[in-house]
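Notes for the structure review
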Amino acid sequence: MMEIIRQEYLDKLLDWKDKNVIKVVTGMRRCGKSTLLEQYANYLISHGVDESRIIRINFEKMEYDELLDYRKLNEYITGQLHQDEMTYIFLDEVQKVTEYEKAVDSLYVADYTDLYITGSNAYMLSGDLATYLSGRYVEISMLPFSFKEYLVMTGMQGEEAFSSYLKTGGLPFVTGIIGESEQIDTYLEGIYHTVLIKDIEQRQSRNETDPNKRKVTDIVLLKNIARYLASTSASLISVSNVSGYITSLGRKVSPNTISDYMDALSQAFIFYQVNRFDVDGKELLKGNCKWYIVDLGLRRYILPKSSYDLGCSIENVVYFELRRRGYRVNVGKLDDVEVDFVARKNDEIIYYQVTADMTSADVFKREMRSLQMIRDNYEKVVLTLDRYSLGNYEGIRVVNVVDWLMKENSGC
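Bear in mind that the values here come from a model prediction, so they are computed numbers and not experimental data.

What counts, and at which threshold
Residues numbered from 1 in each chain as written. Predicted model: local features only at pLDDT ≥ 70, side-chain atom pairs only at ≥ 80, totals over all residues. Heavy atoms only, no water. Helix = DSSP H or I, 4+ residues; strand = E, 2+ residues; numbered from the N terminus. Rg over C-alpha atoms; globule rule 2.2 N^0.38 Å. Buried < 20%, exposed > 50% of the residue type's maximum accessible area, 1.4 Å probe, protein only. Contact = heavy atoms within 4.5 Å. Areas by Shrake-Rupley, 256 points an atom, 1.4 Å probe, with all protein chains shown as cover. Lys, Arg positive; Asp, Glu negative; His and termini not counted. Charge placed at Lys NZ, Arg CZ, Asp CG, Glu CD. Pairing = 2+ DSSP bridges. Axes fitted to C-alpha atoms, helices over the stretch in contact; angles between N-to-C directions. Right-handed = clockwise from strand over helix to strand, strands pointing away. pLDDT = per-residue confidence, 0-100. 1 Å grid on protein atoms, 1.4 Å probe; cavity = no way out; pocket = protein on both sides within 12 Å on 5 of 7 lines; lining within 4 Å. Points joined across faces, edges and corners; volume = space filled by probe spheres on them. Nonpolar A, V, L, I, M, F, W, Y, C, P; charged D, E, K, R; others polar. Phe/Tyr/Trp six-rings, centres within 6.5 Å; stacked < 30°, edge-to-face > 60°. Lys NZ or Arg CZ within 6 Å of the ring centre and 35° of its normal.

Focus: the overall build of the chain
Helix and strand counts for the chain stand at 16 helices and 13 strands. Its C-alpha atoms give the chain a radius of gyration of 22 Å, near enough to 22 Å, the size a compact globule of 412 residues would have. Referenced to the eigenvectors of the C-alpha coordinate spread, the extents of the chain come out at roughly 70 × 55 × 50 Å. Expressed as a percentage of the 412 residues in the chain, the buried residues total 52%. If you take every contact in the chain between residues at least 6 apart in sequence, the share linking residues at least 24 apart comes to 68%. Summed over its atoms, the accessible surface of the chain is roughly 18400 Å², and 46% of this surface lies on carbon and sulfur atoms. In the chain, which carries 50 positive and 61 negative side-chain charges, the distance between the mean positions of the two groups comes to 4 Å.

Following this line, the structure appears as structure tokens:
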């Protein structure tokens, strides 16, 4: 299978090279974290770093089972450190190590060490690791392939490629078996169940001593909540909405339990919660929010075909592309209307509306109205799949979403 250099993430690692912080690469299972570390190690070697100064441990490999105790891990690595020369340490899926925080802390304070770790659970950064290493790490959040990366991997082009991307998603392995729909579904099923059961159970075992955290033990409930979130990705929802859905299935579950299960899906990087932003007041709002799924192939696997919605899928793609481009992304609220995305970076703000088709007069008027009501002079863009309504309408640009995705990572 062809391998693509994940340059945007490689550049982030290089920005922090040899700096006295731990580099924590996070992201859902199989999004490419291990491959990124391998590419970074190859870069170091090609730029003169001797292989003996690179220690690589992938804890998903059985050969490292004896290092799953933090004391043995620390002893193993310290015995290989170079004096007066930087040693680069890569610990892949380190959360498998019992009390890994202690080993990470010890290696961090050792002289001439540059430490990189990966994990498939966000609890790494909200639990013991954060306590041990507060202010001493940077997070690099990794996502599946962007549409541009998908084009490189598949050799496809244009709208045909975008249609395929919406269907299969951007997990690296999937892009290598395009056309094999049965194999893709089998692979996605395996990833989904592994994340739900293995990763989330692993998270729970590390929170056994936290009396405020309910264990996620009901996998059927977890799957039902995931199905609901996947089906409502373009809608504002609350815990009470999810609770109502679960009740409609004939179950009665407390809102606190549902909230914990939603949090578990977020912690495993399957769903990303997006809060609302007051466009006039320029402040975040509490209450209803949106939940976007990290990969559209998973969304198609989770949902029955009757629940598929093109507009939701396009909105999902745009949200993650804005994140890749370094924006903080929120849903905009302005009086009685919603702005799909408020993208902020430094002092820059861009407002986005996203729709599958703008050719209907009613849709055109509705999408334009949200942006026309905004009273500041920041950029305003409508992203659409059609090519008939493109243009500039009194300062509001209507842009084809495929063209936008193909552009460099800067603005629109």
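Re the sheet that holds strand β6 (residues 271-278)
Taken in spatial order, the 8 strands line up as β7-β6-β8-β9-β10-β11-β13-β12 in an open sheet, and their pairing is mixed. Two strands bound the open sheet, and with one partner strand each, they are β7 (283-293) and β12 (391-393). On average, each strand axis in the sheet is tilted by 35° relative to the strand beside it, whichever way the strands run. Relative to β7, β6 runs antiparallel, the two sharing 7 bridges.

What to know about the pairing of strand β3 (residues 87-92)
Counting buried positions along β3 gives 6 out of 6 residues, so the element sits mostly inside the fold. What you see with β3 is no split at all: Thr 87, Ile 89 and Leu 91 on one side and Tyr 88, Phe 90 and Asp 92 on the other are buried throughout. Here strand β2 (residues 54-58) runs beside β3; their pairing, made up of 5 bridges, is parallel. Residue pairing in the sheet places Ile 54 in a bridge with Tyr 88 of β3. A crossover connection joins β2 to the parallel β3 through helix α3 (residues 70-78); in handedness this β-α-β unit is right-handed. Taken together, the 5 bridges between β3 and strand β4 (residues 113-119) define a ladder with parallel strand orientation. Residue Ile 89 lies in a different strand from β4, and its bridge partner there is Leu 115. Each parallel crossover has a hand, and the one from β3 via helix α4 (residues 100-109) to β4 is right-handed.

Here's the deal with the confidence of the model for the chain
On average, the chain scores 90 in pLDDT, and the residues at 70 or more come to 93%. Mean pLDDT across the elements of the chain bottoms out in helix α5 (residues 128-132) (68) and peaks in strand β11 (residues 379-384) (98).

Here's the deal with empty space enclosed by the protein
Evaluation of the coordinates by the stated rule reveals 1 cavity of 30 Å³ or more. Roughly 120 Å³ of internal volume is contained in the largest cavity. Lining the largest cavity are 15 residues, with Tyr 165, Val 294, Val 317, Phe 320 and Arg 324 sitting closest to its centre. Among the elements that take part in the lining of the largest cavity, helix α14 (residues 310-324) stands out by supplying 5 residues, more than any other. Taken together, the residues of the lining of the largest cavity sort by class into 9 nonpolar, 3 polar and 3 charged.

Notes on the environment of Ile 396
Within the secondary structure, Ile 396 is located in strand β13 (residues 396-400). Taking C-alpha positions, Ile 396 is 31 Å from Met 156, a pair spaced 240 residues apart along the chain. For Ile 396, the residues in contact, after removing those within four places along its chain, are Met 368, Leu 371, Gln 372, Lys 380, Val 382 and Gly 391.

With respect to the packing of aromatic side chains
In total, this model carries 17 aromatic pairs according to the counting rule given. On the basis of an interplanar angle of 55° and a centroid distance of 5.5 Å, the ring pair of Phe 147 and Tyr 165 is categorised as tilted. Placement of the pair is Phe 147 in helix α6 (residues 147-154) and Tyr 165 in helix α7 (residues 158-168), with a sequence separation of 18 residues. Taken as a pair, Phe 147 and Tyr 165 share a single burial class, namely buried. Ring centres of Tyr 352 and Trp 404 lie 5.7 Å apart, and the angle between their planes is 65°; on these two criteria the pair is classed as edge-to-face. On the criterion of sequence distance, the pair formed by Tyr 352 in strand β10 (residues 348-355) and Trp 404 in helix α16 (residues 401-406) is long-range, its members being 52 residues apart. The exposure class assigned to Trp 404 is buried, which follows from its relative accessible area of 0%. Among the aromatic residues, those joined into a ring-pair cluster are Phe 269, Tyr 272, Tyr 292, Tyr 319, Phe 320 and Phe 341. Above the ring of Tyr 116, the side-chain terminus of Lys 23 is found at 4.8 Å from the ring centroid.

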